[in-house]
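Chain by chain, the residues:
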Amino acid sequence: MPIIDYWQEKHPRKSGKGKLILYILLFIMVLFLMFKADSFVRGFSNIFFSSDSTEETSH
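Residues numbered from 1 in each chain as written. Predicted model: local features only at pLDDT ≥ 70, side-chain atom pairs only at ≥ 80, totals over all residues. Heavy atoms only, no water.

Participant: Describe the overall build of the protein chain, listing the residues and the values that go with them.
Facilitator: Helix and strand counts for the protein chain come out as three helices and zero strands. Starting at the N terminus and walking to the C terminus, you meet the elements of the protein chain as α-α-α. (Helix = DSSP H or I, 4+ residues; strand = E, 2+ residues; numbered from the N terminus.)

Participant: Quick one: what's the story with the pattern of salt bridges, residue by residue and with numbers?
Facilitator: Within this structure, the stated rule accounts for one salt bridge. A salt bridge links Arg-42 to Asp-38, with the nearest nitrogen and oxygen atoms 3.2 Å apart. With Arg-42 and Asp-38 both in helix α3 (residues 37-58) and four residues apart, the pair spans about one turn of that helix. We classify Asp-38 as partly exposed; its relative accessible area is 44%. (Salt bridge = Lys/Arg side-chain N within 4 Å of Asp/Glu carboxyl O. Buried < 20%, exposed > 50% of the residue type's maximum accessible area, 1.4 Å probe, protein only.)

Participant: Talk me through a nonpolar patch on the surface; I want residue IDs and the actual numbers.
Facilitator: A cluster of nonpolar side chains, contributed by Leu-20, Ile-21, Ile-24, Leu-25, Phe-27, Ile-28, Val-30, Leu-31, Met-34 and Phe-35, occupies part of the molecular surface with about 1,000 Å² of accessible area. With respect to the helices and strands, Val-30 occurs in helix α2 (residues 17-35). (Patch = residues over 30% accessible without salt bridge, like charges linked within 9 Å, V, L, I, M, F, W, Y side chains within 5 Å. Areas by Shrake-Rupley, 256 points an atom, 1.4 Å probe, with all protein chains shown as cover.)

Participant: Go over the packing of aromatic side chains with me, naming the residues and quoting the values.
Facilitator: For the coordinates displayed, the defined rule picks out three aromatic pairs. Centre to centre, the rings of Phe-32 and Phe-40 are 6.3 Å apart; their planes meet at 75 degrees, and the pair counts as edge-to-face. You can call Phe-32 partly exposed: its relative accessible area is 45%. Feature note: the residues Phe-44, Phe-48 and Phe-49 constitute an aromatic cluster, connected by ring pairs. (Phe/Tyr/Trp six-rings, centres within 6.5 Å; stacked < 30°, edge-to-face > 60°.)

Participant: Mind laying out the confidence of the model for the protein chain, listing which residues take part and the relevant values?
Facilitator: The share of residues in the protein chain with pLDDT of 70 or more is 83%, and the mean pLDDT across the chain is 81. Across the protein chain, α2 holds the top mean pLDDT of 91, while α3 sits lowest at 74. (pLDDT = per-residue confidence, 0-100.)

This is the structure we're talking about:
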């Protein structure tokens, strides 16, 4: 029995469908973040910088 046949018998190939689904989900997430980046930045700014802007106007 050749070595390659022995190796393939002991170590069968695993299907890559799990990785493919993961890559598709990552791709969709990246596209979503690209198109919704402006709303994320506005929300982040409102959360962390809203108190700073009110303090500056009161001085």
